[in-house]
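So you can see what is in the structure, the chains are spelled out below.
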Amino acid sequence: MVTKEMSKHMPTVHQCQEMIAVRDYVTARDDCRFDGLAEGNLRLDVAHSNLEQRWHDILFNDDMIVMQVKEKLYRHGGTPVAWQELYLRRGGNDTIFLMDDSKTLDYYGARSGMEIFIKDLDPHSISKHGGLEDVSQVEKYVMPDEEYDKMRNTVRAQKRAAQEEEAARKRAEAAAADEGTEENAGTNESTTGPMVLTVEEAAAAFPLGSRCECDPGARRGEVCHVGHIINAKGIWIGVRLDEPQGQNDGTKDGKAYFECQPKYGCFVRPENVRVGDFPERDPFASDDDFEEAAAVPAA
């Protein structure tokens, strides 16, 4: 990032060596760019009093009279011949009025690289006040919304079709969800969503000191806490794990709920805990023993 202080010591565009090299490359043949012209031909720039645009290197002949020049320039600037005054800018402050329509460009000393300036004398000229360049003055056609809405294959029609398709999809999903709700009405709460228990119900379902298995990971341990914990909503089951697969030592946010070694404690939602005959796993047991123990149904 260039700071204001750094920019003070940086070269300007005209001092930059790279820009100087580009300028020299572009202008290298300026002195000889007219050398290939046929004898009598001229390349002149043209400017107009009512227009910002300029025309560069327009081809003329030095034996063209001023009237012929006006006729040619009418096709560029749109100013009728009768309303044109032409001036030849020969460099610096040397500007002459091409007053005599019967005189040639050579008579006035025209050379390639000079500029002809068209002065438009028409008080009602179409090019006056930006009439040929300012597009904001052009009256634009605006289609009424009612007509546009009737057209097909428009952006608005495509958007409308996409919105209708999305609305129909959402209505179908909502109808399917309502049917599913009706079919599942009256089923066990454990199959419809998370358990919503009171502290008393949770304490009865998860007695302290009972063996359990909790997810994720089918971790086994002993229920040591049933109830609320700080900074968390709902009922939580505190489990002292058989193996260091937990996140704490029975403490949550500075408050101790039960005691255990670090990494041997965890707090789990009731729906992720199963109470039953889950003895400690033998670390030296075979895989078959593990599968057999896992197949034992919970009480």
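Residues numbered from 1 in each chain as written. Predicted model: local features only at pLDDT ≥ 70, side-chain atom pairs only at ≥ 80, totals over all residues. Heavy atoms only, no water.

**A short note on the environment of Tyr107**
- As for its position among the elements, Tyr107 is in the loop between strand S4 (95-97) and strand S5 (115-120).
- Separated by 43 residues in the primary sequence, Tyr107 and Met64 place their C-alpha atoms 9.8 Å from one another. (Helix = DSSP H or I, 4+ residues; strand = E, 2+ residues; numbered from the N terminus.)

**So, the pattern of salt bridges**
- Following the criterion strictly, the structure yields 18 salt bridges and no others.
- Each of the salt bridges in this network shares a partner with another, and the network as a whole consists of Glu213, Asp215, Arg220, Arg274 and Arg281. (Salt bridge = Lys/Arg side-chain N within 4 Å of Asp/Glu carboxyl O.)

**A few points about the sheet that holds strand S3 (residues 84-89)**
- If you trace the five strands from one edge of the open sheet to the other, you get S2-S1-S5-S3-S4, paired in mixed fashion. The outermost strands of the open sheet, each flanked by one partner alone, are strand S2 (54-61) and S4. Mean inter-strand twist for the sheet, computed between neighbouring axes without regard to direction, equals 30 degrees.
- Examined bridge by bridge, strand S1 (residues 41-48) and S2 share six bridges and lie antiparallel to one another. (Pairing = 2+ DSSP bridges. Axes fitted to C-alpha atoms, helices over the stretch in contact; angles between N-to-C directions.)

**A few points about a nonpolar patch on the surface**
- A cluster of nonpolar side chains, contributed by Val22, Tyr25 and Val26, occupies part of the molecular surface with about 370 Å² of accessible area.
- Looking at the secondary structure, you find Val26 in helix H2 (residues 17-26). (Patch = residues over 30% accessible without salt bridge, like charges linked within 9 Å, V, L, I, M, F, W, Y side chains within 5 Å. Areas by Shrake-Rupley, 256 points an atom, 1.4 Å probe, with all protein chains shown as cover.)

**Quick look at the side chain of Asp45**
- Along the polypeptide, Asp45 turns up in strand S1.
- Buried within the structure, Asp45 lacks any salt-bridge partner; its nearest side chain of opposite charge belongs to Arg54, at an N-O separation of 4.2 Å.
- Here the side chain of Asp45 touches Asp57 through a polar contact of 3.0 Å, landing on its backbone nitrogen.
- Setting aside its immediate chain neighbours within four residues, Asp45 contacts Arg54, Trp55, His56, Asp57, Met114, Glu115 and Ile116. (Buried < 20%, exposed > 50% of the residue type's maximum accessible area, 1.4 Å probe, protein only. Lys, Arg positive; Asp, Glu negative; His and termini not counted. Polar contact = N/O pair within 3.5 Å; in protein donor to acceptor, adjacent residues only side chain to side chain. Contact = heavy atoms within 4.5 Å.)

**Thoughts on the sheet that holds strand S11 (residues 265-268)**
- Overall, antiparallel pairing links the five strands, which are arranged S11-S8-S7-S6-S12 in an open sheet. With one partner strand each, in any of the chains shown, S11 and strand S12 (273-275) form the two edges of the open sheet. The mean inter-strand angle of the sheet, taken between neighbouring strand axes irrespective of direction, is 45 degrees.
- As judged from the four bridges shared by strand S8 (residues 236-241) and S11, these two strands associate in the antiparallel manner. Paired with Gly238 across the two strands is Phe267, which belongs to S11.

**Here we look at helix H3 (residues 66-77)**
- Look at H3: 16 Å from first C-alpha to last across twelve residues, which is about the 16 Å you get at 1.5 Å a residue.
- Looking at H3, one finds that the buried residues are Val66, Val69, Lys70, Leu73 and Gly77. Along the long axis of H3, the arc covered by the buried residues comes to 100 degrees, so they all point the same way.
- Contacts from the buried residues of H3 go to S1, S2, S3 and S5.
- Looking one or two places after H3, you find Gly78, whose phi comes out positive at around 80 degrees. (Expected span 1.5 Å × (residues − 1). Arc of directions from axis to C-beta.)

**Things to note about the pairing of S3**
- Going residue by residue along S3, you find Gln84, Leu86 and Leu88 tucked away on one face and Glu85, Tyr87 and Arg89 left uncovered on the opposite face.
- Pairing geometry for S3 and S4, over three bridges, is antiparallel. Bridging from a neighbouring strand, Leu88 pairs with Ile96 of S4.
- A loop of five residues connects S3 with S4, the two strands running antiparallel in sequence, and Gly91 in this loop sits at a positive phi of about 120 degrees.

**What about the packing of aromatic side chains?**
- Going through the model one piece at a time under the given rule, you end up with four aromatic pairs.
- Relative to Tyr108, the ring of Tyr107 lies with its centre 5.1 Å away and its plane at 85 degrees, an arrangement referred to as edge-to-face.
- The class of Tyr108 is buried, set by a relative accessible area of 11%.
- Among the aromatic residues, ring-to-ring pairing joins Tyr257, Phe258 and Phe267 into one connected group.
- The cationic tip of Lys72 hangs over the ring face of Phe60; the distance from NZ or CZ to the ring centre is 4.9 Å.
- The aromatic ring of Tyr107 is capped on one face by Lys103, whose charged end is 4.8 Å from the ring centroid. (Phe/Tyr/Trp six-rings, centres within 6.5 Å; stacked < 30°, edge-to-face > 60°. Lys NZ or Arg CZ within 6 Å of the ring centre and 35° of its normal.)

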